[in-house]
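Now for the letters of each chain:
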Amino acid sequence: MENFEIIEDKTLELTFEVKDESHGVCNALRHILMQDPDVEYAVYNIDHPLTGKPQMTIKTKRGKRPRTVLKKAAEELQKESSNFKQLIDEAL
């Protein structure tokens, strides 16, 4: 995927860059990740508000792979977004 680049992949820590995204998606994903009991922390940084690309780091607890919790969180974000879109469609 050209909009997603792995920067560093360790056993319990994953750092990746998400191109063409902003605080909205990153903050929503971080929020979902932090609700997962297998996640020690999830943070993101954007170096420059206009030109920076978000970099997110996920650190998991022993025995849990960051890629697994990221996939699970992304699926949850997609589900929540679809539910929200449906509520808006019904209201309008």
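About the thresholds
- Residues numbered from 1 in each chain as written.
- Predicted model: local features only at pLDDT ≥ 70, side-chain atom pairs only at ≥ 80, totals over all residues.
- Heavy atoms only, no water.
- Pairing = 2+ DSSP bridges.
- Helix = DSSP H or I, 4+ residues; strand = E, 2+ residues; numbered from the N terminus.
- Polar contact = N/O pair within 3.5 Å; in protein donor to acceptor, adjacent residues only side chain to side chain.
- Contact = heavy atoms within 4.5 Å.
- Buried < 20%, exposed > 50% of the residue type's maximum accessible area, 1.4 Å probe, protein only.

Caption draft 1: How the structure looks around the pairing of strand β4 (residues 55–60). Pairing of strand β2 (residues 13–18) with β4 involves 5 bridges; the strand directions are antiparallel. Residue pairing for β4: E13 is matched across the bridge by K59. Pairing analysis gives 6 bridges linking strand β3 (residues 39–45) to β4, with the strands arranged antiparallel. For Y41, the partnering residue across the bridge sits in β4 and is K59.

Caption draft 2: Quick peek at the side chain of T57. If you trace the backbone, T57 turns up in strand β4. At 3.0 Å, the side chain of T57 forms a polar contact with the side chain of T15. Sequence-distant contacts of T57, defined by excluding residues within four places in its chain, comprise E13, L14, T15, Y41, A42 and V43.

Caption draft 3: How the structure looks around unusual backbone geometry. Not every positive phi belongs to a glycine, and D20 is a case in point at roughly 60°. One can find D20 in the loop between β2 and α1 (23–35). The exposure class of D20 is exposed, given its relative accessible area of 64%.

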